[in-house]
Amino acid sequence: MTITTIYYSYSGVTRGVAEKVHAACGGELVEVRPVAPYSQLSVFLSGARRARKGRADVIEPATIDVAGSDVIVLGTPVWASHPAPPVNAAVQALAGCSGKTAILFATCVGQARDTLPILARALSAKQVRVAGEFVFTKSNVSDPAWIDALVAAVRAADGSTC
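Below is a short write-up of the structure.

About the cut-offs
- Residues numbered from 1 in each chain as written.
- Predicted model: local features only at pLDDT ≥ 70, side-chain atom pairs only at ≥ 80, totals over all residues.
- Heavy atoms only, no water.
- Helix = DSSP H or I, 4+ residues; strand = E, 2+ residues; numbered from the N terminus.
- Buried < 20%, exposed > 50% of the residue type's maximum accessible area, 1.4 Å probe, protein only.
- Polar contact = N/O pair within 3.5 Å; in protein donor to acceptor, adjacent residues only side chain to side chain.
- Axes fitted to C-alpha atoms, helices over the stretch in contact; angles between N-to-C directions.
- Parallel < 35°, antiparallel > 145°, perpendicular 65-115°, else oblique.
- Left-handed = near helix turned anticlockwise from the far one by under 90°.
- Contact = heavy atoms within 4.5 Å.
- Nonpolar A, V, L, I, M, F, W, Y, C, P; charged D, E, K, R; others polar.
- Phe/Tyr/Trp six-rings, centres within 6.5 Å; stacked < 30°, edge-to-face > 60°.
- Arc of directions from axis to C-beta.
- Salt bridge = Lys/Arg side-chain N within 4 Å of Asp/Glu carboxyl O.

For Asp70, the location among the structural elements is in the loop between β5 (64-65) and β6 (71-79). Distance in space between the C-alpha atoms of Asp70 and Thr2 is 5.3 Å, their sequence separation being 68 residues.

See the structure below:
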């Protein structure tokens, strides 16, 4: 069985979690990048506003084909209690995803609030079943037990011992 881990990371925290999942489970690792990158100022001024409105950025890669994967792991930072715009675009960019299983994770300073339910609804509209949701906060992102729980959920969804 194959796993594709897709993420966007502004500060590197989400990347760190995604890389740990990839190291434990293998498969494909896809970093989504906005064509117009955010600066420290624009992430707060326009990025947060776009996140609250559910907007999607123009991203690279423009299409993410997961037809050959069984499980999708999707990671996002939390911006204004919502998924970051590049991750909204990543969901829109998914091809070959109908019937797949997804595990979601969000990274944030405090609370993820609406972030994961929003992503779950967007994936459900694409006929993707969400089998697990994880929130990594400033206080638990370095705790190996939290990463282990995420990896265990990916393994369970994949039916393997990744």
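On to the side chain of Ser9, then. Note that Ser9 resides in the loop between β1 (3-7) and α1 (13-25). Take Ser9: its relative accessible area is 6%, and that puts it in the buried class. Looking at Ser9, its side chain comes within polar contact range of the main-chain nitrogen of Gly12, at 2.9 Å.

Close contact between α1 and helix α5 (residues 144-158) brings their axes to 10 Å; oriented N to C, the two are set at 50°. Judged on the interaxial angle alone, α5 and α1 are oblique. In this structure, α1 crosses over α5, and the sense of that crossing is right-handed. Of the residues in α5, those touching α1 at Val17, Lys20, Val21, Ala24 and Cys25 are Ile147, Leu150, Val151, Val154 and Arg155. Classifying every residue of the contact of α1 with α5 gives eight nonpolar, no polar and two charged.

Think of a pair of aromatic rings as described by two things: how far the centres are apart, and how the planes are tilted against each other in angle. Scanning the entire structure with this criterion turns up five aromatic pairs. Ring plane angle 85° and centroid distance 5.9 Å describe the contact between Tyr8 and Trp79, whose orientation is recorded as edge-to-face. Taken together, the residues Tyr8 in the loop between β1 and α1 and Trp79 in strand β6 connect sequence positions 71 residues apart. Seen in terms of ring centroids, Phe136 and Trp146 are 6.4 Å apart; in terms of plane orientation they differ by 65°. Their pairing is edge-to-face. Residue Phe136 is found in strand β10 (residues 129-136), and its partner Trp146 is found in helix α5; the two are separated by ten residues along the sequence.

Moving on to helix α4 (residues 115-124). One turn of an α-helix holds 3.6 residues; hence residues three or four places apart share an orientation. Restricting attention to buried positions, one finds in α4 the residues Thr115, Leu116, Leu119, Ala120 and Leu123. All buried residues of α4 lie within an arc of 125° about the axis, which places them on one face of the element. Contact partners of the buried residues in α4: β6, β7 (82-83), α3 (85-93), β8 (94-95), β9 (101-107) and β10.

By secondary structure assignment, the location of Ala156 is in helix α5. Classification of Ala156 as exposed rests on a relative accessible area of 63%. Taking the C-alpha atoms as reference points, Ala156 and Ala131, separated by 25 residues in sequence, lie 9.1 Å from one another.

As a further point, take the pattern of salt bridges. Opposite charge on two side chains makes pairing possible when the charged atoms of those side chains draw close. Taken as a whole and assessed by the stated rule, the structure comprises three salt bridges. As a salt-bridge pair, Arg15 and Glu31 come within 2.6 Å of each other at their nearest N and O atoms. Separated by 16 residues along the polypeptide, Arg15 in helix α1 and Glu31 in strand β2 (residues 28-31) bring together distant segments of the chain. Look at Arg15 and you get partly exposed, because its relative accessible area is 26%. Glu31 is the salt-bridge partner of Arg33, the closest N and O atoms lying 2.7 Å from each other. Put simply, Arg15, Glu31 and Arg33 are held in one network by salt bridges that share partners.

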